[in-house]
Amino acid sequence: MDNVLKNLSSLAILDNISEFSRFPFMKSIVLHGKGSSPHKVEWLSNPLRIFGQVDTPDFDYDVEEGLRIVLSKEFDLIAGHSRGGTVALLAGAKKGLPVIAVSAPTDRLLQLEHLSKFPTESEQGKLYKYLSTFPNERLIETSPITYAKDLRNVLLIHGEKDEVVPKIHSEVLCEKVKESGNRCDLVVLEMRHSPPKHLYNKIERIVLEWVKRLNER
């Protein structure tokens, strides 16, 4: 518990840890995005540590290889940011387990079209060059939107001003999940692709309350 308290020192709800610790032990995996690191997604890992063990691997893989690796692991919940969120959604659909995805591309063909509009040397242009090396069929097969009906419990967080992955990715996926009779919660925040530090506590609260409701059902 001492390590948990140390990792969660930024949370404003520390006084309520006992409330969350009454829930069953949960093993989670948290995946960072392309060019990121486990340290840079601590804002997503930290709240999940209240509920149990969290694995935050260094995850510099393409979507297909990343999914293969994740599916070989045992977990109760999976979360991810950006490309890590894409892998998390695909894994959650395959295993029928809860998913938290932040700023995740959910339709890789739609993402390819969006990225094509930017200058070659921009962040978006470089991502376009990378994605355009894959055939359309492969992008469809690795798009969470293709498996929306298999996503049972999803929390999507997206930035209103995300210029890398437009919020329509989360909006459309959430609607399709709900159309299938499953649960999806979408939270749109005033941010771009990655959360700024002043939103870390807010995101931690959102995650804690969502997992709490998940365990109470």
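Right above here is the structure, for reference.
No experiment lies behind these values; they were computed from the predicted model shown. (Residues numbered from 1 in each chain as written. Predicted model: local features only at pLDDT ≥ 70, side-chain atom pairs only at ≥ 80, totals over all residues. Heavy atoms only, no water.)

Asker: A description of the pairing of strand β3 (residues 77-81) should follow, citing residues and the corresponding values.
Answerer: The buried fraction of β3 amounts to five of the five residues, a majority that puts the element mostly inside the structure. Pairing of strand β1 (residues 28-31) with β3 involves four bridges; the strand directions are parallel. Directly across from Leu31, in β3, lies its bridge partner Gly80. Across four bridges, the pairing between β3 and strand β4 (residues 99-102) is parallel. Bridging across to β4, Ile78 finds its partner in Val99. (Buried < 20%, exposed > 50% of the residue type's maximum accessible area, 1.4 Å probe, protein only. Helix = DSSP H or I, 4+ residues; strand = E, 2+ residues; numbered from the N terminus. Pairing = 2+ DSSP bridges.)

Asker: Report on helix α5 (residues 83-95), specifying residues and quantitative values.
Answerer: Between the first and last C-alpha of α5 there are 18 Å, a value that for 13 residues agrees with the 18 Å anticipated at 1.5 Å per step. Of all 13 residues that make up α5, eleven are buried, and the element is covered over most of its length. Buried residues of α5: Arg83, Gly84, Gly85, Thr86, Val87, Ala88, Leu89, Leu90, Ala91, Gly92 and Ala93, and no others. (Expected span 1.5 Å × (residues − 1).)

Asker: Which residues make up the packing of aromatic side chains, and what values do they have?
Answerer: One pass over the structure, following the stated rule, counts three aromatic pairs. Taking 6.4 Å as the distance between ring centres and 25 degrees as the angle between the ring planes, the aromatic pair formed by Trp43 and Tyr200 counts as stacked. Taken together, the residues span a long stretch of sequence, with Trp43 in helix α3 (residues 42-49) and Tyr200 in helix α10 (residues 200-216) at a distance of 157 residues. For Tyr200, a relative accessible area of 24% translates into the label partly exposed. The interplanar angle of 75 degrees and the centroid separation of 5.4 Å between the aromatic rings of Phe59 and Tyr61 together place this pair among those described as edge-to-face. The lysine or arginine in question, Lys34, covers the ring of Tyr130, its NZ or CZ lying 4.6 Å from the ring centre. (Phe/Tyr/Trp six-rings, centres within 6.5 Å; stacked < 30°, edge-to-face > 60°. Lys NZ or Arg CZ within 6 Å of the ring centre and 35° of its normal.)

Asker: Any chance you could break down a nonpolar patch on the surface for me, citing the residues and the numbers?
Answerer: Taken together, the side chains of Leu110, Ile168 and Val172 define a hydrophobic patch exposed on the protein surface, amounting to about 200 Å² of accessible area. On the secondary structure map, Leu110 appears in helix α6 (residues 108-115). You can call Leu110 partly exposed: its relative accessible area is 30%. (Patch = residues over 30% accessible without salt bridge, like charges linked within 9 Å, V, L, I, M, F, W, Y side chains within 5 Å. Areas by Shrake-Rupley, 256 points an atom, 1.4 Å probe, with all protein chains shown as cover. Salt bridge = Lys/Arg side-chain N within 4 Å of Asp/Glu carboxyl O.)

Asker: An account of the environment of His32 is requested, with residue identities and associated values reported.
Answerer: Relative to the assigned elements, His32 resides in the loop between β1 and α3. Linking His32 and His81, residues 49 residues apart in sequence, is a C-alpha distance of 5.3 Å. There is a polar contact of 3.3 Å between the side chain of His32 and the side chain of Asp58. A polar contact is formed between the side chain of His32 and the backbone nitrogen of Phe59, at a distance of 2.8 Å. (Polar contact = N/O pair within 3.5 Å; in protein donor to acceptor, adjacent residues only side chain to side chain.)

Asker: Please provide a residue-by-residue account of the pattern of salt bridges, values included.
Answerer: Per the counting criterion, the structure on display carries twelve salt bridges. Across the salt bridge formed by Lys73 and Asp55, the nearest N and O atoms sit 3.9 Å from each other. You can see Lys73 sitting in the loop between α4 (63-71) and β3 and its partner Asp55 sitting in strand β2 (residues 54-55), a full 18 residues away along the chain. Given the relative accessible area of 24%, Asp55 is considered partly exposed. Note that Arg138 is salt-bridged to Glu64, the shortest N-O span being 2.5 Å. In this pair, Arg138 sits in helix α8 (residues 136-141) while Glu64 sits in helix α4, placing the two residues 74 residues apart along the sequence. The class of Arg138 is partly exposed, set by a relative accessible area of 24%.

Asker: If you had to explain α6 to someone new, which residues and values would you point to?
Answerer: Arg108, Gln111, Leu112, His114 and Leu115 are the residues of α6 that are buried. Angular distribution of buried residues about the axis of α6 spans 165 degrees; they occupy a single face of the element. As for α6, its buried residues are in contact with α4, α7 (123-131), α8 and α9 (168-179). For α6, the N-terminal capping position is held by Asp107, with its side-chain oxygen 3.1 Å away from the main-chain nitrogen of Leu109. (Arc of directions from axis to C-beta. Contact = heavy atoms within 4.5 Å.)

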